[in-house]
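# Architecture and fold: a report
Okay, here's what each chain looks like letter by letter:
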Amino acid sequence: MRAIRFENAGNADVVKLMEEPIPQVRPHDLLIRVRAAGLNRADILQRQGFYGERPDFGDSVIPGLEIAGEVVDVGTATTGFRNGDRVMAIVGGGAHAEYARVDSRMAMAVPDRLDFAAAAAIPEVFVTAHEALIHLGKLTSGGWPLIHAAAGGVGSAAVILAYALGAKTVFTASGQKRIERVTELGGTVGVDYRKHNFLDAALDATDHRGVDVAVDFIGGPYLDRNLRALAPGGRLIQVGTLQGGEGQLSLDLLLHNHLRVIGTVMKSRSFDEKLAMTNRFRERWLSAFATGQLAPLIDRVFPLAQAAEAHRYMEASGNLGKIVLAID
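Every chain's residues receive numbers from 1 upward, in the order its sequence appears when written. With pLDDT at 70 or above as the cut-off, local features in this predicted model cover only qualifying residues; side-chain atom pairs require 80 or more to be listed or tallied, and sums for whole chains, interfaces and linings still use all residues. To get the side-chain values, all heavy atoms of the structure are used, and hydrogens and water are removed first.

Only buried residues count toward a nonpolar core, which is a set of Ala, Val, Leu, Ile, Met, Phe, Trp, Tyr and Cys residues joined through side-chain atoms within 4.5 Å. Relative accessible area decides the class of each residue, using a 1.4 Å probe on protein chains only: under 20% of the type maximum gives buried, over 50% gives exposed, and in between gives partly exposed. Grouped together as the largest cluster of nonpolar side chains are 87 residues, with contacts concentrated most on Ile-67, Met-88, Phe-126, Leu-133 and Phe-281. Excluding residues that lie within four positions of it along the chain, Met-88 makes contacts with Ile-67, Ala-68, Met-106, Ala-107, Met-108, Ala-109, Val-110, Pro-111, Ala-119, Ile-122, Pro-123 and Leu-286. Counting 20 residues, the second largest nonpolar core, distinct from the first, contains Leu-146, Ala-214, Ile-218 and Leu-259. Contact criterion: two residues are considered in contact whenever any of their non-hydrogen atoms come within 4.5 Å of each other.

Shown next, in the form of structure tokens:
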């Protein structure tokens, strides 16, 4: 089968389309003919050598964490699926290929109204957004979240879920076009972080009470302002550190406002943790995609042979929504 591999750690030039063996199906597995796969920041980090080829960081050294496609083989201990079923899933690597295997317990049926590209834009970002915003962040209807990088995959998913929940969102993005698009998704107060201070915007929007939860991908430079934007008892959910992992933290502020700082990441989670995260999302939101209440935001779809260009596009931070690879 054709698959993406990295010749070495480095820039997008190391992304190559190669011939690899089709994965062997284990008892609980499904073998999927991949039709579309999401591209995520974790794939960029893997390419840069951040993870190496450690087996505890995934099921395959082929990149890619989420797939949508058709079942072509089932393991001996698998129930509930048969050949030809359309499924989407988070996988432990291996998504950027013509075939991928997934533990059947992680698989979700693709709603009839969605094509494969739309389905591939759901699992990783919406599971991550639900985990950060609702499971860990405890956001409820009427609450206020602060969502950073709201034009990206997870950020836009978080805005969509917050709106569906009945919350009002302060969000950051770059440029008026992105702010307008995220507002259409349900964002309430948009902040161009290049021109304005999101802390002032968060406090103004909430009559200086502060937001209930902040979901951040940026890291160190935002840490102090994120904490100061929180209401007493608020939660900062740290999902990434795109601009560094070191920041200023006031312990007095943390103590007196009884704040919580919680870190979460998908790729290095155990299978049982990923399964629990998937099940929480499935039970809460999957039916909303089937009815059309929810829909993913897709920026661009690249063919698998243009995976290197897709990497460059993501690193340029110009996307508005999810980047997807199509595997014909």
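Further notes follow.
A separate point is the pattern of salt bridges. Salt bridge, as used here, is a side-chain nitrogen of Lys or Arg placed within 4 Å of a carboxyl oxygen of Asp or Glu. Enumeration according to the criterion identifies 14 salt bridges in this entry. When the shortest N-O distance is used, the salt bridge between Arg-47 and Glu-315 registers 3.0 Å. Of this pair, Arg-47 sits in helix 1 (residues 41-47) while Glu-315 sits in helix 10 (residues 307-315); the two residues are 268 residues apart in sequence, bridging distant segments of the chain. Its relative accessible area of 32% is what places Glu-315 among the partly exposed residues. A salt bridge links Glu-309 to Arg-312, with the shortest nitrogen-to-oxygen separation between them at 3.6 Å. Taken together, the residues span about one helical turn, with Glu-309 and Arg-312 both in helix 10 at a distance of three residues. Secondary structure elements are defined from DSSP: runs of H or I of at least 4 residues count as helices, runs of E of at least 2 residues count as strands, and each element is numbered from the N terminus.

Before going further, it helps to examine the side chain of Arg-47. Judged by relative accessible area, which is 1%, Arg-47 ranks as buried. What Arg-47 contacts, discounting residues up to four positions off in sequence, is Phe-6, Asn-8, Ala-9, Gly-10, Asn-11, Ala-12, Val-14, Val-15, His-311 and Glu-315.

On to helix 3 (residues 123-136). We define the bend at any residue as the angle between the axes fitted to the seven residues before and including it, ending there, and the seven starting there. At His-130, helix 3 shows its largest kink, close to 25°. When you tally the buried positions in helix 3, you get 13 out of 14 residues, the bulk of the element. Once helix 3 finishes, Lys-138 follows within two positions and takes phi at roughly 60°, a positive value.

Okay, the side chain of Ser-156 next. Secondary-structure assignment places Ser-156 in helix 4 (residues 153-165). With relative accessibility at 3%, the residue Ser-156 sits in the buried group. Discounting chain neighbours no more than four positions away, the residues touching Ser-156 are Ala-150, Leu-185, Leu-297 and Gly-321.

Turning our attention to the layout of surface pockets. Gaps left between atoms are located by rolling a probe of water-molecule size over the structure's atoms. For cavity detection a 1 Å grid was placed over the protein atoms alone, and a set of points counts as a cavity when a 1.4 Å probe fits there but cannot get out; an open set counts as a pocket when protein lies on both sides within 12 Å along at least five of seven lines, with lining residues being those that have an atom within 4 Å of a point. Grid points are joined across faces, edges and corners, and a volume is the space filled by probe spheres set on the points. Of the voids in this model, the largest pocket is the one considered here, and its volume is about 1,200 Å³. Looking at the lining of the largest pocket, the elements that each hand over two or more residues are helix 1, helix 3, helix 4, strand 9 (170-173) and strand 15 (322-326). The element that contributes the greatest number of residues to the lining of the largest pocket is helix 1, accounting for four residues. Taken together, the residues of the lining of the largest pocket sort by class into 24 nonpolar, 18 polar and five charged. Residues were grouped as follows: Ala, Val, Leu, Ile, Met, Phe, Trp, Tyr, Cys and Pro as nonpolar; Asp, Glu, Lys and Arg as charged; and all remaining residues, including Gly, as polar.

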